[in-house]
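Here is how the chains run, residue by residue.
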Amino acid sequence: KITKKGYQICSMPYQQSDIRNQFVTKNDQKQHEKRSDTLQDIRVKEDVQTFVEQFLKEYEQNNRDNLRYLMREVEGLPANVTVETKDFSVFNTAEKPVVDLTLILTYKDTGIMFQEGLELHLIKNTDGKYFIETIDHY
């Protein structure tokens, strides 16, 4: 962000296909805290994991048409980045699960790897399918 003394870094960088017109913005991100309310229902966890796998496939391919059906604010990765899931945890309730992910992002042409944390806040649609209400990068 811009301060009176110059520029200030507000958060760690994360990888995404950037289509913004304005590149300097306010830091509106909240601090990530580890959660303790782990979801115990195995069937719900499997449903959430299936949804997240579908999301990550579309996220990696930056398929904006399909991502519109999966998330409120559409975002994807640059064209030459692959995604691998390192950690996956589900918290909260079956109706409003929160998914904590650690991803390994790799640039195909250079082999450079990044570790990125995502927190996906999901809701269930009227048809019983999950939808990403918000996504937090940390």
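What you see is a predicted model, and the numbers here were worked out from it, not measured in a lab.

Cut-offs used in this document
Residues numbered from 1 in each chain as written. Predicted model: local features only at pLDDT ≥ 70, side-chain atom pairs only at ≥ 80, totals over all residues. Heavy atoms only, no water. Salt bridge = Lys/Arg side-chain N within 4 Å of Asp/Glu carboxyl O. Helix = DSSP H or I, 4+ residues; strand = E, 2+ residues; numbered from the N terminus. Buried < 20%, exposed > 50% of the residue type's maximum accessible area, 1.4 Å probe, protein only. Pairing = 2+ DSSP bridges. Axes fitted to C-alpha atoms, helices over the stretch in contact; angles between N-to-C directions. Contact = heavy atoms within 4.5 Å. pLDDT = per-residue confidence, 0-100.

## Observations concerning the pattern of salt bridges
- Counted under the stated rule, the structure contains two salt bridges.
- When the shortest N-O distance is used, the salt bridge between R43 and D47 registers 3.4 Å. Of this pair, R43 and D47 both sit in helix α1 (residues 42–61), four residues apart, which is roughly one turn of the helix.
- By relative accessible area, R43 is classed as exposed at 52%.
- Classification of D47 as partly exposed rests on a relative accessible area of 37%.
- A salt bridge links E133 to R72; the shortest N-O distance between them is 2.7 Å. Residue E133 is found in strand β6 (residues 130–137), and its partner R72 is found in the loop between α2 (64–67) and β3 (81–92); the two are separated by 61 residues along the sequence.
- Overall, the relative accessible area of 28% leaves E133 in the partly exposed class.

## Details of the sheet that holds strand β5 (residues 113–124)
- The antiparallel open sheet is built from four strands, whose spatial order is β3-β4-β5-β6. Looking at strand neighbours, the two that pair on one side only are β3 and β6, the edges of this open sheet. Going across the sheet, the axis of each strand differs from the next one's by a mean of 30°, ignoring polarity.
- In terms of strand pairing, β3 meets strand β4 (residues 97–107) through 11 bridges, oriented antiparallel. Note that in β4 the partner of E84 across the bridge is I104.
- Across the sheet, α1 is in contact with β3, β4, β5 and β6; its angle to β3 comes to roughly 150°.

## Some points on the environment of L77
- Looking at the secondary structure, you find L77 in the loop between α2 and β3.
- Along the backbone, L77 and E58 are 19 residues apart, and their C-alpha atoms lie at a distance of 9.3 Å.

## Topic: the environment of V44
- Along the chain, the position of V44 falls in helix α1.
- Sequence-wise, V44 and V90 are 46 residues apart; in three dimensions their C-alpha atoms are separated by 9.2 Å.

## Section: the pairing of β4
- β4 sits mainly inside the fold: 11 of its 11 residues count as buried.
- Residues P97, V99, L101, L103, L105 and Y107 point to one face of β4 and V98, D100, T102, I104 and T106 to the other, with burial holding for every one of them.
- Counted between consecutive antiparallel strands, the loop separating β3 from β4 contains four residues.

## Details of the confidence of the model for the protein
- Per-residue pLDDT for the protein has a mean of 85; in total, 81% of the residues score no lower than 70.
- Across the protein, α1 holds the top mean pLDDT of 95, while strand β1 (residues 2–3) sits lowest at 78.

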